[in-house]
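Inside the fold
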Amino acid sequence: IAILTVISAIVLFSFSGFNQGAALNRSVRELSLALRRAQNMSLVVSQIEVGEEPNTVIVIPPAVGVRLTKNASSYLLFADLKISRDNLYSGTGEKIGSELIFERGVRVESLTDQAGTTHDLIHILFTAPEATITLSDKTGALLGSNSIEIKLVPPAGEPKKTVTVRTSGQIRVK
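Right, let's walk through the structure included here. In this text, all values refer to a predicted model and were calculated from it rather than measured experimentally.

The subject of this paragraph is the overall build of the chain. Secondary structure assignment for the chain yields one helix and 11 strands. Secondary structure elements of the chain, listed N to C terminal, follow the sequence α-β-β-β-β-β-β-β-β-β-β-β. When the backbone C-alpha atoms are referred to their principal axes, the chain occupies close to 70 × 40 × 25 Å. Counting contacts in the chain only where the partners sit at least 6 residues apart, residues at least 24 apart contribute 58% of the total. Of the roughly 9,200 Å² that the chain leaves accessible, carbon and sulfur atoms contribute 56%. Side chains of the chain give 18 positive and 16 negative charges; the mean places of these two sets differ by 8 Å.

As a further point, take the environment of Ser42. The residue Ser42 is located in helix H1 (residues 2-44) in this model. Relative accessible area serves as the criterion here: at 2%, Ser42 is assigned to the buried category. Look past the residues within four positions of Ser42 in its chain and what remains in contact with it is Val64, Phe126, Thr127, Ala128, Pro129 and Ala131.

The next thing to look at is the packing of aromatic side chains. A full pass over the atoms with the stated rule returns two aromatic pairs. Centroid distance Tyr75 to Phe102: 4.9 Å. Interplanar angle 35°. Geometry classified as tilted. With Tyr75 in strand E4 (residues 74-80) and Phe102 in the loop between strand E5 (95-101) and strand E6 (107-113), this residue pair connects regions lying 27 residues apart in the sequence. Both residues of the pair, Tyr75 and Phe102, belong to the buried class.

By the definition in use, this model includes four salt bridges. Arg26 is the partner of Glu103 in a salt bridge, and the nearest nitrogen-oxygen pair spans 2.8 Å. Linking Glu103 in the loop between E5 and E6 with Arg26 in helix H1, this pair joins segments that are 77 residues apart in sequence. Of the charged contacts, one joins Glu52 and Lys95 as a salt bridge, the two residues approaching to 2.6 Å between their closest N and O atoms. Remark: Lys95 occurs in strand E5 and Glu52 occurs in the loop between strand E1 (48-50) and strand E2 (57-59); sequence separation between them is 43 residues. Residue Glu52 is classed as partly exposed on the basis of its relative accessible area, which comes to 36%.

A few words now on unusual backbone geometry. A cis amide bond links Glu53 with the next residue in sequence, Pro54, at an omega value of 0°. With respect to the helices and strands, the residue Pro54 is situated in the loop between E1 and E2. Note the cis peptide between Glu158 and Pro159, where omega equals -5°. Of note, Pro159 is situated in the loop between strand E9 (147-153) and strand E10 (161-166). The backbone of Asn71 sits at a positive phi, close to 70°, despite the residue not being glycine. Among the secondary structure elements, Asn71 is positioned in the loop between strand E3 (63-69) and E4.

Analysis parameters
- Positions within a chain are numbered from 1, following the residues in the order the chain's sequence is written.
- Owing to the predicted nature of the model, reporting of local features is limited to residues with pLDDT of at least 70; listing and counting of side-chain atom pairs is limited to 80 or more, with chain, interface and lining totals taken over all residues.
- Side-chain measures were taken over the full set of non-hydrogen atoms in the model, leaving aside hydrogen atoms and water.
- The secondary structure listing takes helices from DSSP runs of H or I that are at least 4 residues long and strands from runs of E that are at least 2 residues long, numbered from the N terminus.
- By the convention used here, residues are in contact when the closest approach between their heavy atoms is within 4.5 Å.
- Here the open area of atoms and residues is found with the Shrake-Rupley method and a 1.4 Å probe, where only the protein chains shown may cover a residue.
- In this count, Lys and Arg are taken as positive residues and Asp and Glu as negative ones, while His and the chain termini are left out.
- One atom stands in for each charge, and that atom is NZ of Lys, CZ of Arg, CG of Asp or CD of Glu.
- Exposure categories follow from relative accessible area, calculated using a 1.4 Å probe and restricted to protein chains: below 20% of the type maximum is buried, above 50% is exposed, and the middle band is partly exposed.
- Pairing of aromatic rings covers Phe, Tyr and Trp, the last through its six-membered ring, and needs centres within 6.5 Å; plane angles under 30 degrees mean stacked, over 60 mean edge-to-face, and all others mean tilted.
- Any carboxyl oxygen of Asp or Glu that lies within 4 Å of a side-chain nitrogen of Lys or Arg is treated as forming a salt bridge with it.

Purely geometric stuff here, so don't read any function into it on its own.
In structure tokens, the structure reads:
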């Protein structure tokens, strides 16, 4: 009985770690898919429904982006509707769909650009019609970097996964 108890405890402990690892893997894949979805929306140059009910409108946005915040367990897709393109999410009138939530408490641990500067909030924008990538901070100022690393972690803090987005269009998961 003692041996069974020890084996059961080990299996249960490993199972919770497995669950967190699986949630992290799914969250990384979902974020990568959301980035590709934004990229595809800007390539297609089609009408998109933006805003929150009951105030939604259908527009052809000049850019589509993803907004990520450090330590957040969610992110969102948005349409940059400003004619002058302010390179940031300006409010619920620009939101595409609902807020996207990472699984089982997975969160953004850090947002780091190519120079090693960390940011509290970033916008990754894809400009129509070529899906040119622009990286901007919380004020809409361009980062001046060719890439951004988005590090995701489960509640336990380990393991960690990184999604790297490059202005050349590459989205890499490691």
